[in-house]
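Topology and contacts: notes
Residues per chain are reported as follows:
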Amino acid sequence: MAWASLPMYPWPQPLTEHYWQWLRQHLQQLGEPRLPASLSWPEDYLAHWREPGMLLSQSCGYPVSTLLQAQVQVLGAFHYQLPGCADWRYSSALLVRKRDAGSTLADFRGRRAVCNERHSQSGYHALRAEVAALAGVQPFFAEVRFSGSHRASAGMLAAGGADIAALDCVSHALLARQQPQLFGQLACIGHTRLQPGLPLITAASTPVATVARLRQAISDSLHAPELQAFFREAAIDGFSPLDLADYAGIASSAEYWRGAGMAEW
């Protein structure tokens, strides 16, 4: 059985399902058999990404470059027309409460950080790399907490349970539209360095011809008039075909800072 999902960003589900139905029909026209009738909405992302029947999903760059290397192929990444993005690359927004809006990252030495989870490039590893340049081998933050999601990190920050968080800049922009009252309490004091954006992936067992059809269908979708509402809502304005090698730098960066004494913050 084949599976497809687009679980990473808070896009409106009806528009996302409509996008998949367009892709499904176009893939059929390109000669692709065995297509899922609808999207899956997994709760356990890692288990879903490891399914041999996973036809299409969107993942995070860190697990793709480490935990999933032997189990997935990278199709490419969307481009987002948002602050902190550049073509297929993205960054994390450094968020603080508004009263700290004039601060820099260096001002948060000895304060509390919140991250979504340890396998997140945008919420954990990107912030870790920025802090490493300031901290050397000494812990930088007094405490690092984990919230479970970017949305929860923003809520904890606004409520005073932490002082700084790194949110994927695309998630930041989309969530701020959906929860203006919450995000109105926060300020962005900068962005982390650019990294490859969230990869669209398929199982390692997906045939070469299917990989080519998936890339073609995603590229073609950008020009479909009936999908422009989805692309406006998702802030997508392009797609670049990529492969696993384009994400190797994420894993090597994480290993570097671990070896440099940054295993603990």
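Residues numbered from 1 in each chain as written. Predicted model: local features only at pLDDT ≥ 70, side-chain atom pairs only at ≥ 80, totals over all residues. Heavy atoms only, no water.

Strand order in this open sheet of five strands is β1-β2-β11-β3-β12, and the pairing throughout is mixed. Two strands in the sheet have a free side with no partner beyond their single neighbour: β1 (3–4) and β12 (236–241). Of the pairings in the sheet, the one linking strand β2 (residues 54–58) to strand β11 (residues 200–203) comprises two bridges and is antiparallel in character. Bridged to Q58 within β11 is L200. Most of the contacts of helix α8 (residues 208–221) go to strand β3 (residues 72–80), to which it runs at about 10°, and overall it touches β2, β3, β11 and β12. (Pairing = 2+ DSSP bridges. Helix = DSSP H or I, 4+ residues; strand = E, 2+ residues; numbered from the N terminus. Contact = heavy atoms within 4.5 Å. Axes fitted to C-alpha atoms, helices over the stretch in contact; angles between N-to-C directions.)

Of all hydrophobic cores here, the largest spans 39 residues; its most connected members are W11, Y19, F78, Y80, I218 and I236. Of all the secondary structure elements, the ones that give two or more residues to this core are α1 (13–29), β2, β3, α6 (169–178), α8, α9 (228–234) and β12. If you tally residues by element for this core, the top one is α1, at five residues. Once residues within four sequence positions are removed from consideration, I218 is found in contact with Y19, L23, L56, L75, F78, L200 and F239. V96, Y124, A166 and A187 belong to the second largest nonpolar core, which has 16 residues in total. (Core = buried A, V, L, I, M, F, W, Y, C linked by side-chain atoms within 4.5 Å. Buried < 20%, exposed > 50% of the residue type's maximum accessible area, 1.4 Å probe, protein only.)

Our next topic: the sheet that holds strand β8 (residues 164–168). As summarised here, the arrangement of the five strands in space is β7-β6-β8-β5-β9, forming an open sheet in which the pairing is mixed. The sheet is open, and its two edges are formed by β7 (143–146) and β9 (186–191), each paired on a single side. Each neighbouring strand pair of the sheet contributes to a mean axis angle of 30°, computed without reference to strand direction. Relative to β9, strand β5 (residues 92–97) runs antiparallel, the two sharing four bridges. Directly across from L95, in β9, lies its bridge partner C188. The sheet strands contacting α6 are β5, β8 and β9, and the helix crosses β8 at an angle near 95°.

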